[in-house]
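Chain residues, written in single-letter form:
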2 protein chains.
Amino acid sequence: MLFGGVFFRHYEHPVELESFERYWEMHEKVTTLAQQIERDLDHPTVVEDFQAYIDEVMPYLTSKKSLPTLHDPFWDLEGSVFFCWTIMTTIGYGFYAPSTKTGKIFCIFYAVMTVPLFLSSLTTLSAAMANGIRSVASWLRKNEDHYCSIFFHRLGKKSDARKKRKWYIIGILALGLLYTLLFAIVFAREHDGWSYLDGVYFCFITLSTIGLGDYLPTLQEHEVFLFILYSFVGLLLVGSITNLMQEFFSAGAEKVAHSAVRQLKGPIQAVRESSFRLQGSFRLPKQASERGVSSRQVSSLSDVWKNPAAA
Amino acid sequence: MLFGGVFFRHYEHPVELESFERYWEMHEKVTTLAQQIERDLDHPTVVEDFQAYIDEVMPYLTSKKSLPTLHDPFWDLEGSVFFCWTIMTTIGYGFYAPSTKTGKIFCIFYAVMTVPLFLSSLTTLSAAMANGIRSVASWLRKNEDHYCSIFFHRLGKKSDARKKRKWYIIGILALGLLYTLLFAIVFAREHDGWSYLDGVYFCFITLSTIGLGDYLPTLQEHEVFLFILYSFVGLLLVGSITNLMQEFFSAGAEKVAHSAVRQLKGPIQAVRESSFRLQGSFRLPKQASERGVSSRQVSSLSDVWKNPAAA
């Protein structure tokens, strides 16, 4: 967090200062002009009128409020549905936020009702999607002798289980990346002034539900539903990737822990036996020592720890 | 979503139009004034200078960008650490967002590294906290004859398991609500111009990780870490409430499903037996009919469905 903080300060602070200086230079210039006109030309309301304008503008400058445009208001039906979607998914761009008391209270109630519902259905659907991806992958694995081995033979490599798993993870991440990068092109093309990086950044900030809202899609009527569809599929994909990654990592962690325990088995047993010898009256249980060592019999880590001789 | 959309449009659209009209009225007035000065008083740069000011101001008016203030810049170390925290937790207020290319790219990488890490540790810690709450509750349940029964006896009510569960859920939700409402007072008091509703709204939008960012805490150096602590404990609490609620709801759903299956058992068995009779050669398995009916033996719903006589 501190590292990130230092990084952002280093890159964002100078730009911030620059933008600050440019604005206040301009502000100074116009204020001086207004005062000059009033003094020189005896026009008493110039400063007053200008000050009124500044006062009107200032809340927008110093807050995240933004000025609506009459030909494209936000809080029409499309915009409101879009807003509800960002609340439900906890994206919460916040480019627009409820300004009335009733709107704020309703926003809380709406979120209380819909967020848990949405998240639990997303979790269920993500798990189902992950299972689908898993079965496709296992089908590919079964049929790999047919298709993949041609490549592997050409490359002169043996098919290695660990390498396969690596490629599997890379494949899933590539799927997610492809989804982000592909639709980033669409978003960058649809919006004037967005670079491709802006498109990628927007897609990422949306699908991670961070929702900074510094970039907001400009949506026509039907596009709201396309956007909801896009983000829903994207969130599902992220959910299933998380699901699959978790499985892999927990499997990997278990493997690491198992091998660590296996390596510790010698010292543990030595310590145990020496303590048995010291106590004199204790012996290793007969059945355990007769069972022999088989790593298949290790059902859980705690078993190994409690009785290293049985493993 | 549509209902929510209609609601927000009804309450937010008029306010939006009003703010739009007020701004453009002011804008019109000042522009006319500038033109008038230029025409009447032969001052050739008034319109030009004013237009430059408008051009400078407009991006702030029509985007979520906000003007930094020199005596309280955002992208200092505290602000940057605060920003990193909002990315990591996916709150993403977005009041300030990276404006440089490097900042955007780093933001993506930072989120990719920290969000899964944060979420998985939050899940683990929430589960631990939920277990803690559970054991406190079970301790209370065990010792309730001592303390609670006095109240129950006075009220003349029998202690009912379902009622207890209800009170348990209410208790947990009350804990979460208390946390929100209590700190809402702190936030409302710390910030001028925030009503108590604004404080509650801010706390809720933060702890749900929606993070609209229309309200942002103004934090001094040490307060950043207090805020991080506040939101971390809050997110833990929300996580453990979700954990506990899930358990209760799945238990409740199982109970409902069980009782539905129990009610269906009669008709299912009748259909099965009549089909057996029709087929003539089939009989109910002997062990199953000898086992007798005991709801304790019902290990899963699928068992009941496959073999209703055994349940």
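Thresholds applied
Residues numbered from 1 in each chain as written. Chains lettered and ligands numbered in written order. Predicted model: local features only at pLDDT ≥ 70, side-chain atom pairs only at ≥ 80, totals over all residues. Heavy atoms only, no water. UniProt positions renumbered as here; feature names shortened; annotations may be inferred. Helix = DSSP H or I, 4+ residues; strand = E, 2+ residues; numbered from the N terminus. Buried < 20%, exposed > 50% of the residue type's maximum accessible area, 1.4 Å probe, protein only. Contact = heavy atoms within 4.5 Å. Salt bridge = Lys/Arg side-chain N within 4 Å of Asp/Glu carboxyl O. Polar contact = N/O pair within 3.5 Å; in protein donor to acceptor, adjacent residues only side chain to side chain. Nonpolar A, V, L, I, M, F, W, Y, C, P; charged D, E, K, R; others polar. Least-squares fit on C-alpha atoms with pLDDT ≥ 70 in both. 1 Å grid on protein atoms, 1.4 Å probe; cavity = no way out; pocket = protein on both sides within 12 Å on 5 of 7 lines; lining within 4 Å. Points joined across faces, edges and corners; volume = space filled by probe spheres on them.

- Per an unreviewed UniProt entry, chain A carries the name Potassium channel domain-containing protein and comes from Heterosigma akashiwo.
- Of the comments in the UniProt record for chain A, the one headed Sequence similarities (unreviewed entry) reads "Belongs to the two pore domain potassium channel (TC 1.A.1.8) family."
- Among the UniProt annotations of chain A, the heading Subcellular location (unreviewed entry) holds the following wording: "Membrane".

1. What about the overall build of chain A?
- The number of helices and strands found in chain A is ten helices and zero strands.
- Beginning at the N terminus, the succession of helices and strands in chain A can be written as α-α-α-α-α-α-α-α-α-α.
- Burial status across chain A gives 42% buried among its 311 residues.
- Sequence-distant contacts, at least 24 apart, represent 62% of the contacts inside chain A between residues at least 6 apart.

2. Points about the pattern of salt bridges
- Inspection of every chain in the model, using the stated rule, returns two salt bridges over all chains.
- Close ionic contact of Asp-198 of chain B with Lys-104 of chain A constitutes a salt bridge, the shortest N to O distance being 3.0 Å. Of the two residues, Asp-198 of chain B sits in helix 7 (residues 196–207) while Lys-104 of chain A sits in helix 4 (residues 101–142), which places them in two different chains.

3. What to know about the UniProt feature "domain: Potassium channel" (unreviewed entry) in chain A
Residue and element names in this part refer to chain A.
- According to UniProt, the feature "domain: Potassium channel" (unreviewed entry) maps to residues 74–129 and 177–250 in the numbering used here.
- Taken as a whole, residues 74–129 contains 73% helix and 0% strand, while its terminal C-alpha atoms sit 34 Å from one another.
- Note that residues 177–250 is 76% helix and 0% strand, and that its end C-alpha atoms are spaced 23 Å apart.

4. Points about the UniProt feature "transmembrane region" (unreviewed entry) in chain A
All names here are of chain A.
- According to UniProt, the positions carrying the feature "transmembrane region" (unreviewed entry) are residues 74–96, 108–133, 167–188, 194–212 and 224–245.
- Helix and strand shares over residues 194–212 are 63% and 0% respectively, and the end C-alpha atoms of the span are 16 Å apart.
- Summarising residues 224–245: 100% helix, 0% strand, and an end-to-end C-alpha distance of 31 Å.

5. Some remarks on the interface of chain A and chain B
- Contacts between chain A and chain B engage 96 residues on the former and 96 residues on the latter.
- In this assembly, chain A and chain B are joined by two salt bridges.
- At the junction of chain A with chain B, the criterion picks out eight residue pairs in polar contact (both at pLDDT 80 or more).
- If you list the elements that add at least two residues to the side of chain A that touches chain B, you get helix 1 (2–41), helix 2 (46–62), helix 3 (77–88), helix 4 and helix 7 (196–207) of chain A.
- The element that contributes the greatest number of residues to the side of chain A that touches chain B is helix 1 of chain A, accounting for 27 residues.
- Partitioned by chemical class, the residues of the side of chain A that touches chain B number 59 nonpolar, 23 polar and 14 charged.

6. Considering the relation of the copies chain A and chain B
- Aligned on chain B, chain A shows an RMSD of 0.2 Å; the corresponding rotation is 180° and the shift along the axis is 0.1 Å. Expressed as an axis order, the relation between the two copies is that of a two-fold axis.

7. Re empty space enclosed by the protein
- The tally for this structure, following the rule as stated, stands at four cavities of 30 Å³ or more.
- Each pocket or cavity is described by its volume, and for the largest cavity that value is around 100 Å³.
- Of all the elements in the fold, those that place two or more residues in the lining of the largest cavity are helix 1 and helix 2 of chain A together with helix 1 (2–41) and helix 2 (46–62) of chain B.
- Its residues assigned to classes, the lining of the largest cavity comprises twelve nonpolar, no polar and no charged.

8. With respect to the side chain of Ser-80 of chain B
- Structurally, Ser-80 of chain B can be placed in helix 3 (residues 77–88).
- Take Ser-80 of chain B: its relative accessible area is 0%, and that puts it in the buried class.
- A polar contact of 3.4 Å, which involves the side chain of Ser-80 of chain B, links it to the backbone oxygen of Gly-5 of chain A.

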